[in-house]
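Spelled out, the chains give:
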Amino acid sequence: SCKFYKIVMRPGMVVGESLKDPIRSHHDLEKDSCKFYKKACKHYDILAKRAAENGHTVDIFSCALDQTGLNEMRFMAKYTGGYMVMGDSFNTSLFKQSFQKVFAKDAQNNYFKMGFNATFEVKCSQELKINGVLGPCISLNKRSPSVSDNEIGTGGTCSWKISGLDQSTSLAVLFEVSNQQASNIPQGQPGAIQFITFYQHSSGQRRVRVTTIARHWVDGATNINHVAASFDQEAAAAVMARLAVQKSENDDGPDVLRWLDRMLIRVCQKFGEFHKDDPNSFRFPDNMSLYPQFMFHLRRSQFLQVFNNSPDESSYYRYIHVHICVQLYICMYICMYTEH
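This write-up is about the structure you can find in this document. (Residues numbered from 1 in each chain as written. Predicted model: local features only at pLDDT ≥ 70, side-chain atom pairs only at ≥ 80, totals over all residues. Heavy atoms only, no water.)

## Some remarks on unusual backbone geometry
Piece 1. Even without being glycine, Asp32 reaches a positive phi, approximately 55°.
Piece 2. Turning to its location among the elements, Asp32 is positioned in the loop between α1 (26–31) and α2 (37–53).
Piece 3. A relative accessible area of 51% places Asp32 in the exposed class.
Piece 4. Its identity is not glycine, yet Asp277 carries a phi of approximately 65°, on the positive side.
Piece 5. Summarising the element assignment, Asp277 is placed in the loop between β11 (273–275) and β12 (278–283). (Helix = DSSP H or I, 4+ residues; strand = E, 2+ residues; numbered from the N terminus. Buried < 20%, exposed > 50% of the residue type's maximum accessible area, 1.4 Å probe, protein only.)

## Notes on a nonpolar patch on the surface
Piece 1. Taken together, the side chains of Phe99, Phe103 and Phe112 define a hydrophobic patch exposed on the protein surface, amounting to about 250 Å² of accessible area.
Piece 2. Judged by relative accessible area, which is 38%, Phe103 ranks as partly exposed. (Patch = residues over 30% accessible without salt bridge, like charges linked within 9 Å, V, L, I, M, F, W, Y side chains within 5 Å. Areas by Shrake-Rupley, 256 points an atom, 1.4 Å probe, with all protein chains shown as cover. Salt bridge = Lys/Arg side-chain N within 4 Å of Asp/Glu carboxyl O.)

## Some points on the pairing of strand β5 (residues 128–134)
Piece 1. Counting buried positions along β5 gives 6 out of 7 residues, so the element sits mostly inside the fold.
Piece 2. Note: β5 against strand β8 (residues 172–177), 6 bridges, orientation antiparallel. Within the sheet, the bridge partner assigned to Ile130 lies in β8 and is Phe175. (Pairing = 2+ DSSP bridges.)

## Considering the packing of helix α6 (residues 233–248) against helix α7 (residues 253–271)
Piece 1. With their axes 10 Å apart at the nearest point, α6 and α7 run at an angle of 150° to one another. Judged on the interaxial angle alone, α7 and α6 are roughly antiparallel. In terms of crossing hand, the pair formed by α6 and α7 is right-handed. Residues Met240, Leu243, Ala244, Lys247 and Ser248 of α6 touch α7, and the partners they reach there are Val256, Trp259, Leu260 and Met263.
Piece 2. The residue makeup of the contact of α6 with α7, split by class, is 7 nonpolar, 1 polar and 1 charged. (Axes fitted to C-alpha atoms, helices over the stretch in contact; angles between N-to-C directions. Parallel < 35°, antiparallel > 145°, perpendicular 65-115°, else oblique. Left-handed = near helix turned anticlockwise from the far one by under 90°. Contact = heavy atoms within 4.5 Å. Nonpolar A, V, L, I, M, F, W, Y, C, P; charged D, E, K, R; others polar.)

## Topic: the packing of aromatic side chains
Piece 1. As enumerated under the stated definition, the model contains 14 aromatic pairs in all.
Piece 2. Pairing Phe75 with Tyr79 gives two aromatic rings, centres 5.8 Å apart and planes at 45°, and the pair type is tilted. With a gap of 4 residues between them, Phe75 and Tyr79 both fall in helix α3 (residues 70–80), about one helical turn apart. Considered together, Phe75 and Tyr79 belong to a single accessibility category, that of buried residues.
Piece 3. Here the aromatic residues Phe61, Phe90, Phe95, Phe99, Phe103 and Phe112 are joined through ring pairs into a cluster of three or more. (Phe/Tyr/Trp six-rings, centres within 6.5 Å; stacked < 30°, edge-to-face > 60°.)

This is a description of form; function is not addressed.
Here it is as structure tokens:
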């Protein structure tokens, strides 16, 4: 873990040495008028991949009243699974509590609550293809028949490396049905997915955790109620948030919001019950009733909106969004709900 000041020296400089040159803003990024931005991003992207490939975790603690270049350095934490903490001063109680929590130990054996140098592998039945993973990891470029050519997130592989793990680290694994024709899918038969995680415990032990799940295949056209009954609205909101955050790195903000709206409309059309030309007649299943509210607050949150936020702040919020588990997602949504 390193303490960073605003970087004004090559390589990786984010702003000029002269005090009259301000650091980049979102408006500068939109106009593509940032002199150092692309070179700095490329530098930290390469550096982060080298660190991740060698099993190193990079934690960034950035405390200053001005920006320090966290936006350019986001790859360091994103690829290695490290922590990213941002604040106004290193002397605040908020930073001190966050720093102490990083090195918290379990009550039983007095070991750190973290794992290191992990590999994550996914295996699935032949009806499924792996699109990719959304989360703090890098690809190990391991091909298999279950890997899809349609990549989403970190794709093109069935195995990933995570340099650092803690109790809140989570990955979103995306799949697609390899053959969409119902006649080629064994209705009523189980489709299986297996997650295999190797990691080094803080005690020094090498451990493996294997999770295998199976779900029965059903035809969505004729058994829509069966599909709706298995819908997890909290997990769906978390995955949609990660997809939206990923799109926001390459697409314009209004395009991402329109994509979210289209996805929500498709879900409502598929699973909602309504009478034509009567908005008051719309009904959603109970286990989907909160999903539209999650999308409502997501599109208005600082995870997608950049107004009144610096590029460093936006990068911080978005990194937190692709790192934490579903339970912490819901806590953030509740906070946004109470604010509105």
